[in-house]
Amino acid sequence: MSLLPHDERHLQRALDLAQEAVGLASPNPTVGCVLVRDGVVLGEGAHHYDERDHAEIAALKQAASLGHTPQGATAYVTLEPCSHQGRTGPCADALIAAGIARCVVATVDPNPLVSGGGLAKLQAAGIEVVVADPASALAQRTRRLNDAFAHWIQHRRPFVTLKAAVSVDGKLAPAPSVRTANQPHWLTGEAARADVHRLRHEVDAILTGIGTVLADDPSLTDRSGLPRRRSLLRVVLDSDLRTPLNSQLVRSAGSDLLLLCSRTAPADREAALSDCGVEVLRLSGSGGHLNLRAALDTLAQRNIISVLIEGGSSLNGSLLHEGLVDKLTLYYAECELGLDAIPFAEGIASPYVVQEQLQRMKRTSLPHGTAEDVRITGYLHDPWAGI
């Protein structure tokens, strides 16, 4: 059954509520819910992990606080109501007990163990269930909000987005011989850089390599100004613990900086970094390189469901060659850096080669003075495949 115009309007409101909760729900999915009867909104809510209530329960509680009974109402939910016991009881059971007559859902639960179970419960209770067409704009926007959760719940590994700013000739930065030490080289304009902070806000962790730390001295913080449930975890792959004690990362460390090093890294460096409030964890590796899959598994064990890569040529190349990148976001600046400049990814001729492999590629223009930067996004792996 297709959505009616008023269904789309109320489901869009539920999606807006979910969007406002980005950064507040992980490691759970981001969900919004609106309860409506006879065109009147009875209650609405979104899932905030720390407040425990799922979106449906938050909406039911708001309706009750306003003196509304949900009997005969329609529940508009961005994600299929859960049918299993977790930290809280099944939302499908709560909606049935509340006496709703209809449930309109933007997309099914990506958890393969329970997908469709909530809808089946509602239908068994005599409730009309309508699910948006998976190809519709509403369903696609809803799914994008929960790409990380969809990937995590199926594979138990973080959803990895590789972000890079490159020149039109596919380079990350000028040759080291012409760069200023310990200074980032900005290719893109303020609009693109603000967009990067939006990306940082949407993820649980940001990961880079020691080469980038030594070259740019980045802070790697979320400066979007938007609320988040837990601090952005800043992760550095640093085999020999070369991260300077006076770096921006170390000076700003406060339970949000994790250095992953080799088992043979100097003990005195670990002690010095630990004294500065930095967490150090030793991983397996070979040839001076850490095991990237082990690094991601370590983050998964900490309920990190999404990671943004802001690395250099070596890290980008390794992740792409090992098939560990799920989504790519490239910001192209209207400049050329030349043959001697640092390539986008070691061992890969050009970012355009990777770009050709992207699914659902999207192009967006961002102002940059009198010119523009171009953002290209797309998927190397579909987190919702098979759902």
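Residues numbered from 1 in each chain as written. Predicted model: local features only at pLDDT ≥ 70, side-chain atom pairs only at ≥ 80, totals over all residues. Heavy atoms only, no water.

- As recorded by an unreviewed UniProt entry, the protein chain carries the name Riboflavin biosynthesis protein RibD and is attributed to Granulicella mallensis.

A look at the sheet that holds strand 5 (residues 128-131)
- The strand order 2-1-3-4-5 describes an open sheet built from 5 strands, whose pairing is mixed. Taken across any chain shown, the strands that pair with only one partner, and hence form the sheet edges, are strand 2 (40-46) and strand 5. Shown here is a sheet whose adjacent strand axes are inclined to one another by a mean of 15°, direction ignored.
- By the bridge criterion, 4 bridges tie strand 1 (residues 32-37) to strand 3 (residues 74-79) in an arrangement that is antiparallel. Pairing of Leu 35 across the sheet is with Ala 75, part of strand 3. (Pairing = 2+ DSSP bridges. Helix = DSSP H or I, 4+ residues; strand = E, 2+ residues; numbered from the N terminus. Axes fitted to C-alpha atoms, helices over the stretch in contact; angles between N-to-C directions.)

Focus on the sheet that holds strand 6 (residues 159-167)
- If you walk across this open sheet you meet the 9 strands as 11-10-9-8-14-6-15-18-17, and the pairing is mixed. The two strands at the open ends of the sheet, each matched to only one other strand, are strand 11 (279-283) and strand 17 (359-368). On average, each strand axis in the sheet is tilted by 20° relative to the strand beside it, whichever way the strands run.
- Alignment of strand 8 (residues 205-209) against strand 9 (residues 233-237), held across 5 bridges, turns out to be parallel. Following the sheet pairing, Leu 207 is matched in strand 9 by Val 235.

Brief notes about the UniProt feature "binding site: substrate" (unreviewed entry) in the protein chain
- The feature "binding site: substrate" (unreviewed entry), as given by UniProt, occupies Arg 200, Leu 220, Arg 223 and Glu 310 in the numbering adopted here.
- Along the chain, Glu 310 turns up in the loop between strand 14 (306-309) and helix 12 (313-321).
- Residue Glu 310 is classed as buried on the basis of its relative accessible area of 10%.
- In this structure, Glu 310 is in contact with Lys 163, Val 196, Arg 200, Ile 206, Leu 207, Thr 208, Thr 212 and Leu 220, ignoring residues within four places of it in sequence. (UniProt positions renumbered as here; feature names shortened; annotations may be inferred. Buried < 20%, exposed > 50% of the residue type's maximum accessible area, 1.4 Å probe, protein only. Contact = heavy atoms within 4.5 Å.)

Thoughts on the nonpolar core
- Ranked by size, the top nonpolar core spans 37 residues in total, and within it Leu 320 and Phe 344 carry the most contacts.
- Leaving out residues up to four positions away in the same chain, Leu 320 has contacts with Leu 162, Val 325, Phe 344, Ala 345, Ile 348, Val 354 and Leu 380.
- Core analysis: the next-biggest nonpolar cluster, separate from the first, contains 28 residues, Cys 33, Ala 55, Ala 59 and Val 105 among them. (Core = buried A, V, L, I, M, F, W, Y, C linked by side-chain atoms within 4.5 Å.)

Regarding the environment of Leu 17
- If you trace the backbone, Leu 17 turns up in helix 1 (residues 5-20).
- A relative accessible area of 9% means that Leu 17 is categorised as buried.
- When the C-alpha positions of Leu 17 and Thr 30 are compared, they lie 9.3 Å apart, and in sequence the two are 13 residues distant.
- When residues no more than four places from it in sequence are discounted, the contact partners of Leu 17 are Gly 32, Cys 33, Val 34, Glu 44, Gly 45 and Ala 46.

Some details on the packing of aromatic side chains
- Inspection of the entire model under this criterion finds 2 aromatic pairs.
- Look at Phe 159 and Tyr 379: their rings are 6.4 Å apart centre to centre, the planes differ by 45°, and that puts the pair in the tilted class. A residue pair is termed long-range when its members are at least 10 positions apart, and Phe 159 in strand 6 and Tyr 379 in strand 18 (residues 371-379) qualify at 220 residues. Of the two residues, Phe 159 and Tyr 379, neither departs from the other in class, the shared state being buried. (Phe/Tyr/Trp six-rings, centres within 6.5 Å; stacked < 30°, edge-to-face > 60°.)

Thoughts on the pairing of strand 14
- Every second residue of strand 14 is oriented toward a common face, with Ser 306 and Leu 308 on one face and Val 307 and Ile 309 on the other, all of them buried.
- Pairing between strand 6 and strand 14: 4 bridges, direction parallel. Counted as the bridge partner of Phe 159 is Ser 306 from strand 14.
- Where strand 8 and strand 14 come together, 3 bridges link them in parallel fashion. Paired with Ile 206 across the strands is Leu 308, a residue of strand 14.

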